[in-house]
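# Inside the fold
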Amino acid sequence: MDDRLGFAVLLILMLVTLAMASSVQTQPPAEISGLRHHQHADFFRLVLEVTRVREYSSAELSQPDRLYLDIYQARLNSSLQGKTFEFNSPCVRQLRLAQRNPTTVRVTFELQPGTKEKEKIYYLKNPDRLVIDIYHRQSLSAAGQPVGPEGPQSGGGSLLTDKASINQPPKAAIPTTSGYSLVRQLGLGVKKIALDPGHGGTDPGCLSQGGLKEKDVALDLAKRLKSILETQGGFEVFLTRETDISLPLEKRTKLANEKQADLFISIHLNASPRKTRTGVETFYLNFSPDPAVNELAARENASSSKNIREMKQIVDKIVKNTRFEESRALAEKIHRQLLGHLKQHFGPRDDLGVKGGPFWVLIGSEMPAVLVEVSHLSNAKEEEALKTDLYREAIATGLFRGIIEYVKSLGKGS
Ligand SMILES: [Zn+2]
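It should be emphasised that the depicted structure is a prediction, and the values quoted were computed from it without experimental measurement.

Conventions adopted
- Residues numbered from 1 in each chain as written.
- Predicted model: local features only at pLDDT ≥ 70, side-chain atom pairs only at ≥ 80, totals over all residues.
- Heavy atoms only, no water.
- Donors = N, O, S within 2.8 Å, 3.2 Å for Na, K, Ca; no water.
- Helix = DSSP H or I, 4+ residues; strand = E, 2+ residues; numbered from the N terminus.
- Buried < 20%, exposed > 50% of the residue type's maximum accessible area, 1.4 Å probe, protein only.
- Pairing = 2+ DSSP bridges.
- Axes fitted to C-alpha atoms, helices over the stretch in contact; angles between N-to-C directions.
- Parallel < 35°, antiparallel > 145°, perpendicular 65-115°, else oblique.
- Left-handed = near helix turned anticlockwise from the far one by under 90°.
- Nonpolar A, V, L, I, M, F, W, Y, C, P; charged D, E, K, R; others polar.
- Contact = heavy atoms within 4.5 Å.
- Expected span 1.5 Å × (residues − 1).
- Phe/Tyr/Trp six-rings, centres within 6.5 Å; stacked < 30°, edge-to-face > 60°.
- Lys NZ or Arg CZ within 6 Å of the ring centre and 35° of its normal.
- Salt bridge = Lys/Arg side-chain N within 4 Å of Asp/Glu carboxyl O.

To continue, consider the coordination of the zinc ion. Summarising the metal site, the zinc ion is bound by the protein donors His 199 (NE2), Glu 214 (OE), His 268 (ND1), Glu 300 (OE) and Glu 300 (OE), whose distances to it range over 2.0 to 2.5 Å. When the donors of the zinc ion are listed by position in the chain, the intervening gaps give H-x14-E-x53-H-x31-E. Placement of the pair is His 199 in the loop between strand E11 (192-197) and helix H3 (214-233) and Glu 214 in helix H3, with a sequence separation of 15 residues. We note that His 199, like Glu 214, is buried.

Written out as C-alpha coordinates, the structure reads:
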(Lines give C-alpha, C1' and ligand atoms only; values in the text may rest on other atoms or scores of the structure.)
Protein backbone atom coordinates (compact mmCIF):
# COMPACT_ATOMS: atom_id res chain seq x y z
CA MET A 1 0.00 0.00 0.00
CA ASP A 2 1.16 3.54 -0.79
CA ASP A 3 2.61 5.09 2.34
CA ARG A 4 0.38 8.13 2.34
CA LEU A 5 -2.70 6.02 1.80
CA GLY A 6 -1.53 3.71 4.55
CA PHE A 7 -1.12 6.64 6.87
CA ALA A 8 -4.57 7.97 5.99
CA VAL A 9 -6.12 4.58 6.71
CA LEU A 10 -4.23 4.38 9.99
CA LEU A 11 -5.38 7.84 10.96
CA ILE A 12 -8.99 7.01 10.13
CA LEU A 13 -8.73 3.80 12.11
CA MET A 14 -7.41 5.66 15.10
CA LEU A 15 -10.18 8.22 14.83
CA VAL A 16 -12.81 5.50 14.51
CA THR A 17 -11.50 3.61 17.52
CA LEU A 18 -11.10 6.78 19.56
CA ALA A 19 -14.59 7.92 18.61
CA MET A 20 -15.90 4.52 19.63
CA ALA A 21 -13.98 4.72 22.87
CA SER A 22 -15.24 8.18 23.73
CA SER A 23 -18.80 7.21 22.85
CA VAL A 24 -18.56 4.41 25.37
CA GLN A 25 -17.55 6.86 28.03
CA THR A 26 -20.08 9.57 27.35
CA GLN A 27 -23.24 7.88 26.12
CA PRO A 28 -25.95 6.87 28.54
CA PRO A 29 -26.66 3.15 28.99
CA ALA A 30 -29.03 1.42 26.62
CA GLU A 31 -32.56 1.27 27.99
CA ILE A 32 -34.74 -1.79 27.59
CA SER A 33 -38.13 -0.21 27.31
CA GLY A 34 -40.44 -3.02 26.28
CA LEU A 35 -40.79 -6.52 25.00
CA ARG A 36 -43.06 -8.78 23.03
CA HIS A 37 -43.10 -12.47 22.25
CA HIS A 38 -44.59 -14.97 19.88
CA GLN A 39 -44.68 -18.75 19.72
CA HIS A 40 -43.92 -19.84 16.16
CA ALA A 41 -44.22 -23.44 14.93
CA ASP A 42 -40.60 -24.24 15.68
CA PHE A 43 -39.38 -21.54 17.95
CA PHE A 44 -40.24 -19.06 20.63
CA ARG A 45 -39.35 -15.48 19.79
CA LEU A 46 -38.70 -12.71 22.28
CA VAL A 47 -38.16 -9.19 21.01
CA LEU A 48 -36.59 -6.66 23.38
CA GLU A 49 -37.08 -3.03 22.50
CA VAL A 50 -33.92 -1.12 23.32
CA THR A 51 -32.50 2.31 22.70
CA ARG A 52 -29.26 0.80 21.49
CA VAL A 53 -27.10 -2.11 22.49
CA ARG A 54 -23.32 -2.17 22.60
CA GLU A 55 -22.54 -5.64 23.78
CA TYR A 56 -24.12 -8.77 25.12
CA SER A 57 -23.23 -12.35 25.90
CA SER A 58 -25.29 -15.46 26.40
CA ALA A 59 -24.77 -18.77 28.16
CA GLU A 60 -26.63 -21.76 29.52
CA LEU A 61 -27.16 -23.11 32.99
CA SER A 62 -28.66 -26.38 34.18
CA GLN A 63 -30.84 -27.66 37.00
CA PRO A 64 -33.11 -26.14 36.00
CA ASP A 65 -32.29 -25.66 32.30
CA ARG A 66 -31.84 -21.98 31.64
CA LEU A 67 -30.56 -19.75 28.90
CA TYR A 68 -29.52 -16.27 29.88
CA LEU A 69 -28.51 -13.15 28.06
CA ASP A 70 -26.44 -10.44 29.73
CA ILE A 71 -26.79 -7.04 28.11
CA TYR A 72 -23.93 -4.77 29.08
CA GLN A 73 -24.06 -1.03 29.63
CA ALA A 74 -27.82 -1.28 29.83
CA ARG A 75 -30.64 -0.70 32.25
CA LEU A 76 -34.19 -1.91 32.54
CA ASN A 77 -37.06 0.50 32.31
CA SER A 78 -38.63 0.72 35.77
CA SER A 79 -41.80 -0.99 34.50
CA LEU A 80 -39.77 -4.12 33.75
CA GLN A 81 -37.62 -4.29 36.88
CA GLY A 82 -37.66 -7.75 38.43
CA LYS A 83 -40.56 -8.92 36.26
CA THR A 84 -41.32 -12.59 35.74
CA PHE A 85 -43.53 -13.98 32.97
CA GLU A 86 -44.90 -17.51 32.64
CA PHE A 87 -45.44 -19.21 29.29
CA ASN A 88 -47.14 -22.29 28.03
CA SER A 89 -44.60 -22.88 25.28
CA PRO A 90 -43.02 -26.18 24.15
CA CYS A 91 -39.63 -24.88 25.22
CA VAL A 92 -39.86 -21.75 27.34
CA ARG A 93 -41.45 -21.98 30.75
CA GLN A 94 -40.64 -18.63 32.25
CA LEU A 95 -38.89 -15.37 31.50
CA ARG A 96 -37.22 -13.21 34.14
CA LEU A 97 -35.78 -9.74 33.81
CA ALA A 98 -33.35 -8.30 36.32
CA GLN A 99 -30.91 -5.48 36.67
CA ARG A 100 -27.99 -7.68 37.65
CA ASN A 101 -25.73 -4.80 38.54
CA PRO A 102 -25.83 -1.07 37.76
CA THR A 103 -24.68 -1.66 34.19
CA THR A 104 -25.82 -5.17 33.27
CA VAL A 105 -29.31 -6.45 32.54
CA ARG A 106 -29.86 -10.18 32.70
CA VAL A 107 -32.66 -11.82 30.75
CA THR A 108 -33.19 -15.41 31.89
CA PHE A 109 -35.29 -17.99 30.08
CA GLU A 110 -36.25 -20.95 32.17
CA LEU A 111 -36.67 -23.85 29.76
CA GLN A 112 -38.70 -27.03 29.71
CA PRO A 113 -36.04 -29.64 30.52
CA GLY A 114 -34.18 -31.01 27.52
CA THR A 115 -36.36 -29.34 24.91
CA LYS A 116 -34.08 -26.68 23.45
CA GLU A 117 -32.60 -27.41 20.04
CA LYS A 118 -30.68 -24.16 19.55
CA GLU A 119 -31.03 -20.43 19.90
CA LYS A 120 -30.36 -17.48 17.66
CA ILE A 121 -29.70 -14.05 19.08
CA TYR A 122 -29.40 -11.03 16.86
CA TYR A 123 -29.61 -7.28 16.88
CA LEU A 124 -31.70 -5.29 14.44
CA LYS A 125 -31.99 -1.59 13.79
CA ASN A 126 -34.84 0.78 12.84
CA PRO A 127 -36.18 0.41 15.43
CA ASP A 128 -33.37 -0.97 17.57
CA ARG A 129 -34.22 -4.35 19.01
CA LEU A 130 -32.65 -7.53 20.25
CA VAL A 131 -34.30 -10.71 19.03
CA ILE A 132 -33.93 -14.08 20.74
CA ASP A 133 -35.28 -17.14 18.94
CA ILE A 134 -35.32 -20.38 20.92
CA TYR A 135 -35.94 -23.48 18.81
CA HIS A 136 -37.42 -26.56 20.41
CA ARG A 137 -36.54 -30.15 19.58
CA GLN A 138 -39.85 -31.49 18.34
CA SER A 139 -41.11 -30.71 14.84
CA LEU A 140 -37.70 -30.04 13.43
CA SER A 141 -38.98 -30.25 9.88
CA ALA A 142 -38.73 -26.54 9.23
CA ALA A 143 -36.12 -25.72 11.82
CA GLY A 144 -33.35 -25.63 9.27
CA GLN A 145 -35.03 -22.97 7.22
CA PRO A 146 -33.55 -19.53 7.58
CA VAL A 147 -35.59 -17.18 9.67
CA GLY A 148 -36.38 -13.89 8.05
CA PRO A 149 -35.63 -10.63 9.75
CA GLU A 150 -37.87 -9.97 12.68
CA GLY A 151 -40.69 -7.80 11.48
CA PRO A 152 -44.07 -6.57 12.59
CA GLN A 153 -45.78 -9.51 10.91
CA SER A 154 -43.82 -12.00 12.96
CA GLY A 155 -43.21 -10.08 16.11
CA GLY A 156 -46.23 -11.48 17.90
CA GLY A 157 -48.48 -9.91 20.44
CA SER A 158 -47.58 -7.65 23.24
CA LEU A 159 -46.60 -9.50 26.35
CA LEU A 160 -48.54 -7.04 28.45
CA THR A 161 -51.82 -8.09 26.87
CA ASP A 162 -50.91 -11.74 27.00
CA LYS A 163 -52.62 -14.06 29.44
CA ALA A 164 -49.22 -14.57 30.99
CA SER A 165 -49.12 -14.19 34.73
CA ILE A 166 -48.64 -10.47 34.64
CA ASN A 167 -50.84 -10.11 37.70
CA GLN A 168 -48.74 -12.39 39.81
CA PRO A 169 -46.34 -10.63 42.10
CA PRO A 170 -42.93 -10.47 40.48
CA LYS A 171 -40.66 -13.22 41.72
CA ALA A 172 -37.18 -12.40 42.77
CA ALA A 173 -34.77 -13.40 40.09
CA ILE A 174 -33.06 -16.62 41.03
CA PRO A 175 -29.41 -15.86 41.62
CA THR A 176 -27.45 -17.28 38.74
CA THR A 177 -23.86 -18.04 39.49
CA SER A 178 -21.83 -16.50 36.74
CA GLY A 179 -19.19 -18.30 34.80
CA TYR A 180 -21.04 -21.40 33.65
CA SER A 181 -21.06 -20.76 29.94
CA LEU A 182 -22.22 -23.12 27.25
CA VAL A 183 -18.78 -24.66 26.81
CA ARG A 184 -18.41 -25.27 30.52
CA GLN A 185 -21.94 -26.39 31.01
CA LEU A 186 -21.70 -29.12 28.44
CA GLY A 187 -18.14 -30.01 29.28
CA LEU A 188 -17.41 -29.83 25.58
CA GLY A 189 -13.75 -29.28 26.20
CA VAL A 190 -11.29 -28.17 23.61
CA LYS A 191 -9.97 -30.35 20.81
CA LYS A 192 -8.86 -28.08 18.02
CA ILE A 193 -6.87 -24.89 18.48
CA ALA A 194 -6.22 -22.21 15.86
CA LEU A 195 -2.99 -20.27 16.25
CA ASP A 196 -2.61 -17.06 14.32
CA PRO A 197 0.92 -15.73 13.80
CA GLY A 198 0.49 -11.95 13.43
CA HIS A 199 1.23 -10.11 10.19
CA GLY A 200 3.19 -11.78 7.35
CA GLY A 201 4.18 -11.21 3.74
CA THR A 202 4.24 -7.51 2.88
CA ASP A 203 3.24 -6.62 6.45
CA PRO A 204 6.26 -7.15 8.73
CA GLY A 205 4.56 -5.88 11.91
CA CYS A 206 6.87 -4.04 14.25
CA LEU A 207 10.66 -4.16 13.96
CA SER A 208 13.40 -4.29 16.57
CA GLN A 209 16.52 -2.12 16.57
CA GLY A 210 18.52 -5.12 15.47
CA GLY A 211 16.16 -5.94 12.61
CA LEU A 212 13.98 -8.68 14.07
CA LYS A 213 10.58 -8.64 12.40
CA GLU A 214 7.39 -9.28 14.32
CA LYS A 215 5.99 -11.47 11.52
CA ASP A 216 8.99 -13.86 11.68
CA VAL A 217 9.13 -14.15 15.46
CA ALA A 218 5.35 -14.62 15.70
CA LEU A 219 5.45 -17.43 13.13
CA ASP A 220 8.31 -19.17 14.90
CA LEU A 221 6.52 -18.91 18.26
CA ALA A 222 3.31 -20.29 16.76
CA LYS A 223 5.19 -23.28 15.36
CA ARG A 224 6.83 -23.95 18.72
CA LEU A 225 3.50 -23.69 20.52
CA LYS A 226 1.87 -25.97 17.94
CA SER A 227 4.49 -28.61 18.61
CA ILE A 228 4.01 -28.47 22.39
CA LEU A 229 0.21 -28.48 22.10
CA GLU A 230 0.32 -31.53 19.87
CA THR A 231 2.91 -33.58 21.73
CA GLN A 232 2.14 -32.65 25.34
CA GLY A 233 -1.52 -31.72 25.08
CA GLY A 234 -2.81 -34.05 22.36
CA PHE A 235 -4.62 -31.18 20.66
CA GLU A 236 -5.21 -30.77 16.99
CA VAL A 237 -3.56 -27.48 16.00
CA PHE A 238 -4.09 -25.34 12.96
CA LEU A 239 -2.00 -22.33 11.92
CA THR A 240 -3.69 -19.54 9.94
CA ARG A 241 -0.41 -19.17 8.07
CA GLU A 242 2.56 -21.54 8.01
CA THR A 243 4.81 -19.42 5.82
CA ASP A 244 5.65 -15.77 5.25
CA ILE A 245 2.51 -14.81 3.35
CA SER A 246 0.17 -11.85 3.51
CA LEU A 247 -3.13 -12.81 5.08
CA PRO A 248 -5.96 -10.30 5.56
CA LEU A 249 -7.04 -9.91 9.17
CA GLU A 250 -10.66 -10.73 8.47
CA LYS A 251 -9.67 -14.02 6.82
CA ARG A 252 -7.93 -15.32 9.90
CA THR A 253 -10.96 -15.93 12.10
CA LYS A 254 -12.83 -17.05 9.00
CA LEU A 255 -10.28 -19.81 8.51
CA ALA A 256 -10.55 -20.76 12.16
CA ASN A 257 -14.36 -20.86 11.85
CA GLU A 258 -14.14 -23.07 8.77
CA LYS A 259 -11.81 -25.44 10.59
CA GLN A 260 -14.23 -25.42 13.53
CA ALA A 261 -11.45 -24.57 15.95
CA ASP A 262 -12.42 -24.39 19.62
CA LEU A 263 -9.98 -21.59 20.50
CA PHE A 264 -8.31 -18.82 18.51
CA ILE A 265 -5.04 -17.32 19.69
CA SER A 266 -3.36 -14.54 17.76
CA ILE A 267 0.34 -14.13 18.60
CA HIS A 268 1.98 -10.72 18.36
CA LEU A 269 5.00 -8.77 19.59
CA ASN A 270 4.68 -5.37 21.13
CA ALA A 271 6.50 -2.13 20.43
CA SER A 272 6.39 1.02 22.52
CA PRO A 273 7.94 4.46 22.19
CA ARG A 274 8.89 3.97 25.84
CA LYS A 275 11.89 1.69 25.35
CA THR A 276 11.94 0.55 28.98
CA ARG A 277 8.49 -0.98 28.69
CA THR A 278 8.57 -4.80 28.95
CA GLY A 279 6.22 -7.67 29.57
CA VAL A 280 2.96 -9.18 28.43
CA GLU A 281 -0.29 -7.52 27.34
CA THR A 282 -3.30 -9.70 26.48
CA PHE A 283 -6.53 -8.74 24.73
CA TYR A 284 -10.04 -9.95 24.05
CA LEU A 285 -12.45 -8.18 21.72
CA ASN A 286 -14.24 -5.24 23.27
CA PHE A 287 -14.54 -1.50 23.17
CA SER A 288 -11.83 0.29 25.05
CA PRO A 289 -11.79 3.71 26.65
CA ASP A 290 -7.98 3.54 26.90
CA PRO A 291 -6.20 5.68 24.26
CA ALA A 292 -3.08 3.52 24.51
CA VAL A 293 -5.10 0.40 23.71
CA ASN A 294 -6.74 2.10 20.77
CA GLU A 295 -3.38 3.24 19.48
CA LEU A 296 -2.09 -0.32 19.61
CA ALA A 297 -5.29 -1.61 17.99
CA ALA A 298 -4.90 0.96 15.20
CA ARG A 299 -1.40 -0.32 14.56
CA GLU A 300 -2.45 -3.94 14.59
CA ASN A 301 -5.45 -3.11 12.40
CA ALA A 302 -3.40 -1.12 9.90
CA SER A 303 -3.19 -3.87 7.29
CA SER A 304 -6.94 -4.27 7.09
CA SER A 305 -8.34 -3.83 3.61
CA LYS A 306 -11.69 -2.72 4.95
CA ASN A 307 -12.96 0.65 3.79
CA ILE A 308 -14.59 3.25 5.98
CA ARG A 309 -18.13 2.09 5.28
CA GLU A 310 -17.22 -1.41 6.35
CA MET A 311 -15.46 0.03 9.39
CA LYS A 312 -18.83 1.09 10.75
CA GLN A 313 -19.88 -2.52 10.84
CA ILE A 314 -17.26 -3.11 13.50
CA VAL A 315 -19.71 -1.73 16.01
CA ASP A 316 -22.39 -4.23 15.07
CA LYS A 317 -19.94 -7.09 14.98
CA ILE A 318 -18.67 -6.32 18.43
CA VAL A 319 -22.22 -6.09 19.67
CA LYS A 320 -22.89 -9.54 18.24
CA ASN A 321 -19.85 -11.08 19.81
CA THR A 322 -21.30 -13.64 22.19
CA ARG A 323 -17.97 -15.13 23.23
CA PHE A 324 -17.13 -12.27 25.51
CA GLU A 325 -16.92 -14.07 28.86
CA GLU A 326 -15.08 -17.06 27.45
CA SER A 327 -12.56 -14.91 25.64
CA ARG A 328 -11.91 -12.87 28.73
CA ALA A 329 -11.38 -16.02 30.81
CA LEU A 330 -8.99 -17.43 28.21
CA ALA A 331 -7.10 -14.14 28.03
CA GLU A 332 -6.73 -14.00 31.81
CA LYS A 333 -5.33 -17.52 32.07
CA ILE A 334 -2.92 -17.16 29.16
CA HIS A 335 -1.75 -13.82 30.50
CA ARG A 336 -1.17 -15.06 34.03
CA GLN A 337 0.69 -18.20 32.98
CA LEU A 338 2.87 -16.54 30.36
CA LEU A 339 3.81 -13.61 32.54
CA GLY A 340 4.45 -15.86 35.53
CA HIS A 341 6.61 -18.24 33.52
CA LEU A 342 8.71 -15.45 31.99
CA LYS A 343 9.16 -13.74 35.36
CA GLN A 344 10.18 -16.98 36.97
CA HIS A 345 12.87 -17.77 34.42
CA PHE A 346 13.91 -14.38 33.07
CA GLY A 347 13.32 -11.92 35.90
CA PRO A 348 10.97 -9.04 36.48
CA ARG A 349 8.89 -7.56 33.71
CA ASP A 350 5.80 -5.39 33.46
CA ASP A 351 2.33 -6.82 33.91
CA LEU A 352 0.51 -4.77 31.29
CA GLY A 353 -2.80 -6.41 32.02
CA VAL A 354 -5.72 -8.18 30.36
CA LYS A 355 -7.82 -5.73 28.40
CA GLY A 356 -10.61 -5.35 25.90
CA GLY A 357 -9.56 -3.85 22.58
CA PRO A 358 -11.07 -3.31 19.13
CA PHE A 359 -8.89 -5.69 17.12
CA TRP A 360 -10.04 -6.61 13.63
CA VAL A 361 -8.41 -10.00 13.83
CA LEU A 362 -10.68 -11.03 16.73
CA ILE A 363 -13.90 -9.99 15.04
CA GLY A 364 -16.17 -12.68 13.69
CA SER A 365 -14.68 -15.59 15.59
CA GLU A 366 -17.15 -18.26 16.59
CA MET A 367 -14.88 -19.46 19.39
CA PRO A 368 -13.18 -17.78 22.34
CA ALA A 369 -10.50 -15.58 20.80
CA VAL A 370 -7.57 -13.64 22.26
CA LEU A 371 -4.64 -11.61 21.01
CA VAL A 372 -1.49 -11.78 23.07
CA GLU A 373 1.46 -9.41 22.81
CA VAL A 374 4.04 -11.78 24.23
CA SER A 375 7.04 -9.46 24.65
CA HIS A 376 8.52 -6.21 23.33
CA LEU A 377 10.69 -5.92 20.27
CA SER A 378 11.24 -2.29 21.27
CA ASN A 379 12.95 -3.20 24.55
CA ALA A 380 16.65 -4.03 24.23
CA LYS A 381 16.59 -6.77 26.88
CA GLU A 382 13.53 -8.51 25.50
CA GLU A 383 14.88 -8.14 21.96
CA GLU A 384 18.11 -9.90 22.98
CA ALA A 385 16.11 -12.61 24.71
CA LEU A 386 13.85 -13.03 21.68
CA LYS A 387 16.89 -13.97 19.62
CA THR A 388 17.38 -17.11 21.73
CA ASP A 389 15.71 -20.50 21.48
CA LEU A 390 15.47 -20.65 25.25
CA TYR A 391 13.30 -17.54 25.51
CA ARG A 392 11.11 -18.49 22.57
CA GLU A 393 10.55 -21.93 24.07
CA ALA A 394 9.65 -20.26 27.36
CA ILE A 395 7.03 -18.10 25.65
CA ALA A 396 5.55 -21.15 23.93
CA THR A 397 5.52 -23.03 27.24
CA GLY A 398 3.87 -20.11 29.06
CA LEU A 399 1.15 -19.89 26.40
CA PHE A 400 0.69 -23.66 26.57
CA ARG A 401 0.22 -23.52 30.34
CA GLY A 402 -2.36 -20.79 29.98
CA ILE A 403 -4.32 -22.82 27.44
CA ILE A 404 -4.14 -25.89 29.68
CA GLU A 405 -5.37 -23.91 32.68
CA TYR A 406 -8.30 -22.68 30.61
CA VAL A 407 -9.17 -26.12 29.29
CA LYS A 408 -8.99 -27.57 32.80
CA SER A 409 -11.33 -24.88 34.05
CA LEU A 410 -14.04 -26.02 31.66
CA GLY A 411 -16.74 -27.81 33.57
CA LYS A 412 -15.52 -26.45 36.85
CA GLY A 413 -16.77 -22.95 36.32
CA SER A 414 -13.59 -21.43 37.63
ZN1 LIG B 1 1.25 -7.27 15.69
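Judged by pairing direction, the sheet is antiparallel, and its five strands sit side by side in the order E3-E4-E8-E7-E6 without closing on themselves. Looking along the sheet, the strands with just one partner apiece sit at the ends: strand E3 (55-61) and strand E6 (84-86). Each adjacent strand pair in this sheet contributes to an overall mean axis angle of 15°, direction not counted. Bridge analysis of strand E7 (residues 92-101) against strand E8 (residues 104-111) gives eight bridges, and the strand direction is antiparallel. By the bridge assignment, Asn 101 is partnered in E8 with Thr 104.

The next point concerns the pairing of E3. Most of E3 sits out of view: seven of its seven residues are buried. Side chains of E3 alternate between two faces, with Glu 55, Ser 57, Ala 59 and Leu 61 and Tyr 56, Ser 58 and Glu 60 buried alike. For E3 and strand E4 (residues 66-72), the ladder comprises seven bridges, and the chain directions are antiparallel. Across the sheet, residue Ser 58 finds its bridge partner in E4, namely Leu 69.

Axis angle and axis distance: for two packed helices, these are the angle between their axes and the distance between the axes, and together they describe the pair. One can describe the packing of helix H7 (residues 324-346) onto helix H9 (residues 389-409) by two numbers: an axis separation of 8 Å at closest approach and a directional angle of 140°. Our classification of the angle between H7 and H9 gives oblique. The chirality of how H7 crosses H9 is right-handed. Class assignment of the residues belonging to the contact of H7 with H9 gives a composition of 13 nonpolar, six polar and five charged.

Another point: the pairing of strand E9 (residues 116-124). The sheet contact formed by E9 and strand E10 (residues 129-136) spans eight bridges and is antiparallel. Counted as the bridge partner of Lys 118 is Tyr 135 from E10. The antiparallel pairing of E9 with E10 creates a hairpin that spans four residues between the two strands, and Asn 126 there sits at a positive phi of about 55°.

Attention now moves to the environment of Pro 204. Structurally, Pro 204 can be placed in the loop between E11 and H3. Through-space distance from the C-alpha of Pro 204 to that of Asp 244 is 9.3 Å; in sequence the pair is 40 residues apart. For Pro 204, the residues in contact, after removing those within four places along its chain, are His 199, Lys 213, Glu 214 and Lys 215.

A separate point is H3. If you check H3, its first and last C-alpha atoms are 26 Å apart, about what 20 residues at 1.5 Å a residue would give, namely 28 Å. Looking at H3, one finds that the buried residues are Glu 214, Lys 215, Val 217, Ala 218, Leu 219, Leu 221, Ala 222, Arg 224, Leu 225, Ile 228 and Leu 229. One or two positions beyond H3, positive phi appears at Gly 234, with a value near 70°.

Summed over all chains, the structure comprises five aromatic pairs. Seen in terms of ring centroids, Phe 346 and Tyr 391 are 4.8 Å apart; in terms of plane orientation they differ by 80°. Their pairing is edge-to-face. Residue Phe 346 is located in helix H7, and its partner Tyr 391 is located in helix H9; the two are separated by 45 residues in the primary sequence. Under the relative-accessibility criterion, Phe 346 is labelled partly exposed at 26%. Given the relative accessible area of 0%, Tyr 391 is considered buried. Here the aromatic residues Phe 44, Phe 87 and Phe 109 are joined through ring pairs into a cluster of three or more. In this structure, Arg 106 packs its charged tip against the face of Tyr 68, placed 3.6 Å from the ring centre.

A separate point is the sheet that holds strand E14 (residues 280-285). The sheet built from six strands is open, its strands ordered E12-E11-E13-E16-E14-E15 with mixed pairing. Two strands in the sheet have a free side with no partner beyond their single neighbour: strand E12 (236-239) and strand E15 (351-357). Going across the sheet, the axis of each strand differs from the next one's by a mean of 20°, ignoring polarity. Summarising the sheet, E11 and strand E13 (residues 263-270) pair through five bridges and their orientation is parallel. Residue pairing across strands places Ala 194 opposite Phe 264, the latter belonging to E13.

With the rule as written, the count across this model stands at 25 salt bridges. Close ionic contact of Glu 31 with Arg 75 constitutes a salt bridge, the shortest N to O distance being 3.5 Å. Of this pair, Glu 31 sits in strand E1 (residues 30-39) while Arg 75 sits in strand E5 (residues 74-76), and the two are 44 residues apart along the sequence. On the basis of relative accessibility, which here comes to 22%, the residue Glu 31 falls in the partly exposed class. Residue class for Arg 75 comes out partly exposed when judged on its relative accessible area of 36%. The residue Glu 384 makes a salt bridge to Lys 387 at a minimum N-O spacing of 3.0 Å. Through salt bridges with shared partners, one network takes in Asp 220, Arg 224, Asp 389, Arg 392 and Glu 393.

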